[in-house]
Amino acid sequence: MIALVDCNNFFVSCERVLHPELEGKPVVVLSNNDGCVVARSQEAKALGIPMGIPYFKVARKLREEVLIALSNNHAFYHDVSQRIMALIHDQVEQQEVYSIDECFLRLPRSGDFKPFARTLRAEILQKIGVPVSIGIASTKTLAKVAVYYAKHYAGYQGVAAIETEEQRAKALAKLPIEEVWGIGRRRWAQLKANGVTTAADLLALPIGLVQRLLSVTGSRTYRELEGVEALPFAEVTPRQSVFSSRSLEVETADMAKLEACITLFLGHCCRKLRHENLYAQELSIYLSTNRFHPKDPQHHELIARHLNTPPADPR
DNA sequence: TATTGAAGGACTA
DNA sequence: ATCATTAGTCCTTCAATA
């Protein structure tokens, strides 16, 4: 069996560890340049604040003190994440850290998993102060489904399991297709056009059609929803690339400014590489115009160079 | 004909 | 009218190369 531990509103929960007075209040955390909302507390979601909304659109609510906005403190969130992951790691055979706020756990084939999950959840809350939701099922994708129920129905108290065929059928019949892991905007539209609105509807399609419509990844999702593992469980996921990028505050065509940015970002990437003892095989640089102004002339360019001898120094 | 590489895109948190 | 993240993975397509 597989469990998924998913931190609730992670960035906001981290801020609440430092500022307990934010508990119960509508809080959002902003992106790097305070450009848009990247995390929302339950209360902020209830106010109808969408994910990714630009700062200026919530500015009025902030002035009226209906909503609290915080700048993001990524180094701290990273630290909290590492403490949570380490705490969990000590209690399971296998752990795959999937993102800053989620990890998959490999559990024995059979057993009574819910008491374990409830205890783990309580321990993370008590020792670190971050509330988590835990989903248990036979595949990663079904564990995601279970987490969806753990988060959306208070009755589950943060822990939901799909352990029987009846539970699986019921969970999938009620799950909107767009909530399925791996179904994004594009695939949602394609499925809707084929009359699919729930996860159960997807399984009712012939696999051939799913293969044609959604290709390799879609077929994997299909099998995973059936309860057959189609995604690898990877304890170590070697990093493939490091990145550094920013949206510039003002548009510029000034080559000197762009060069300065690129030098800065390159230095940042090199620091990351050194920190993790990695070597670069390829260097790519991209530049993009503001794609949110579609009427302006657009230009998107990526250049890539293979590096024969991995450079030891950014200069 | 099979493999490789670049470009582009979908998706995720 | 404003603003509009950042970092990452994997897959597909198509053309060039062996």
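Scroll up to find the structure this text is about.
Residues numbered from 1 in each chain as written. Chains lettered and ligands numbered in written order. Predicted model: local features only at pLDDT ≥ 70, side-chain atom pairs only at ≥ 80, totals over all residues. Heavy atoms only, no water.

**A short note on the nonpolar core**
Next up, step 1: One finds Val5, Phe10, Ile84, Leu105, Ile134 and Ile136 to be the most contacted residues of the largest nonpolar core, which totals 35 residues.
Next up, step 2: When residues of this core are traced back to their parent elements, those giving at least two are strand 1 (2–7), helix 1 (10–18), strand 2 (27–30), helix 4 (74–89), strand 6 (102–106), helix 5 (113–127), strand 7 (132–137) and strand 8 (159–161).
Next up, step 3: Counting residues per element, this core draws most heavily on helix 4, at seven residues.
Next up, step 4: In contact with Val5, not counting residues within four places along its chain, are Ile88, Asp101, Glu102, Cys103, Leu105, Leu120, Ile124, Val132, Ser133 and Ile134.
Next up, step 5: Residues Leu142, Ala146, Ala150 and Leu214 belong to the second largest nonpolar core, which totals 26 residues. (Core = buried A, V, L, I, M, F, W, Y, C linked by side-chain atoms within 4.5 Å. Buried < 20%, exposed > 50% of the residue type's maximum accessible area, 1.4 Å probe, protein only. Helix = DSSP H or I, 4+ residues; strand = E, 2+ residues; numbered from the N terminus. Contact = heavy atoms within 4.5 Å.)

**Some words on the sheet that holds strand 4 (residues 68–70)**
Within a beta sheet, neighbouring strands are joined by backbone hydrogen bonds and run either parallel or antiparallel to one another.
Next up, step 1: Ordered in space as 3-2-4, the three strands form an open sheet in which the pairing is mixed. With partners counted over all chains shown, the strands left at the sheet margins are strand 3 (37–40) and strand 4, one partner each. With strand direction ignored, the average angle separating the axes of adjacent strands in the sheet is 30 degrees.
Next up, step 2: Pairing of strand 2 with strand 3 involves three bridges; the strand directions are antiparallel. (Pairing = 2+ DSSP bridges. Axes fitted to C-alpha atoms, helices over the stretch in contact; angles between N-to-C directions.)

**What to know about the protein's contact with DNA strand B**
Next up, step 1: Around DNA strand B sit 13 residues in total, of which Asp101, Lys144, Gly182, Arg186 and Arg187 are the nearest.
Next up, step 2: At the level of elements, strand 5 (94–99) and helix 8 (185–192) are the ones that each hand at least two residues to the surface near DNA strand B.
Next up, step 3: Of all the elements, helix 8 adds the most residues to the surface near DNA strand B, at three residues.
Next up, step 4: Counted by class, the surface near DNA strand B contains four nonpolar, three polar and six charged residues. (Near = heavy atom within 4 Å. Nonpolar A, V, L, I, M, F, W, Y, C, P; charged D, E, K, R; others polar.)

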